Each structure stands twice: as structure tokens, then as C-alpha cells.
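# What the coordinates show
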Amino acid sequence: MPITPFHFGPGALLQSAAPGHVSFIAFCTANVLIDCESLYNLQRGNDQVHAFFHTYIGATLVIAATWLLYKALYGLAQRIRLPNLFSWQSLQSRQVLTGAALGAYSHIVLDSIMHSDIRPWRPFSDANGLLHAIPLDWLHLACLAAGVLGLMISMTRWFFRG
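Residues numbered from 1 in each chain as written. Predicted model: local features only at pLDDT ≥ 70, side-chain atom pairs only at ≥ 80, totals over all residues. Heavy atoms only, no water.

## Notes on the nonpolar core
- The biggest cluster of nonpolar side chains holds 15 residues, and the ones touching the most others in it are Ile34 and Ala104.
- Counting residues per element, this core draws most heavily on helix α3 (residues 56–79), at 6 residues.
- If we skip the residues at most four places from it in the chain, Ile34 touches Phe53, His54, Ala59, Val62, Ala104, His107 and Ile108. (Core = buried A, V, L, I, M, F, W, Y, C linked by side-chain atoms within 4.5 Å. Buried < 20%, exposed > 50% of the residue type's maximum accessible area, 1.4 Å probe, protein only. Helix = DSSP H or I, 4+ residues; strand = E, 2+ residues; numbered from the N terminus. Contact = heavy atoms within 4.5 Å.)

## Some points on unusual backbone geometry
- Geometrically, the link from Arg122 to Pro123 is a cis peptide bond, its omega value of 10° lying close to zero.
- Secondary-structure assignment places Pro123 in the loop between α4 (93–114) and α5 (136–161).
- For His132, which is not a glycine, the phi torsion comes out positive at approximately 60°.
- Take His132: it is sitting in the loop between α4 and α5.

## Things to note about the state of the cysteines
- Tallied over the full model, the rule gives 0 disulfides.
- Just so you know, Cys143 is unpaired, no disulfide at all, and the nearest cysteine sulfur is the one on Cys28, 12 Å from it. (Disulfide = S-S within 2.5 Å.)

## Some details on the environment of Leu136
- Residue placement: Leu136 occurs in helix α5.
- Leu136 sits in the partly exposed class, given a relative accessible area of 40%.
- Leu136 sits 14 residues away from Arg122 along the chain, and the two C-alpha atoms are 23 Å apart.

Spelled out as C-alpha cells, the structure:
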């Protein structure tokens, strides 16, 4: 399934561990942008669902696109009133870039483990040494556990902040 929420679990844990350094919004945005390619390829019936943006080069461009999208929306928010959901307007560029990088590169790693059509090192190599490195059930459970742990840490921080 494209744009799987399992990718968000590690992001929740990373953001809860370093809340002033990692943007969960940017983490999720990078993941969704990468999976737009899969959605497009599925709709078109293409054989390779995970193509260019599922490479480290493509993921790097998604990081840049995520940061540019943030900068554009932030600039727009300075001229017109935009909703400030989850306080996104107070994010610093460093947080956005870190979140986007962690999101994009973790996406490639996770998908490399589970999808046989990924070639993460293209154009330099067609190898995917991570394919089936761990069982799919374990991968999903680890992502889910990371999300639950991240949520618990965030809720604990919120509870004791007041």
C-alpha cells in the first residue's frame, strides 16, 4: 500500500527522542512525497513501482523538495494567514531538514527490506543487499513498536511539562 503509516512509527520515535531537532511533519512529508511515485506507478500499471524516488539520489531530491515546500509555505504565511497546525510555522530550517532527511532515507531502508523492485543505489548499482534482511512481520512490528514508544515518550513529556 503506498503511503503506508508504518513508515511514520520510526519518525514518531525519533521526534520524541529529539523534539527540538527533528520535525515529525517534515519526516512524514518526505515519506508521502516518495510514495507518490509508487501511487503513480501503480495507477499506470508500471512493472517497477518503486523507481527513481526510491533511490538514495531520488530521496535526496525529496529532502530538498520538502525543505523548499516548507520555505515556500513559511514565506506565504508571512503574507497571508495560514493555519499553524502543530506549530509548523515555528519550526527552524534545521529541524525541517533533519526530519526530511531521516524520513526520506529511512523510507529507502525500510522499503529496501520489503520490496524486491527497489534498486536503492541506482544508477551506480542494481544491488539491494537489504531485501528480506528481516522478516516482513518483524519489520512491521518494529515500526509499530517505534510509533507506540514515540507516542508514549511524547505523552510523558507533555504530561510532566505542566
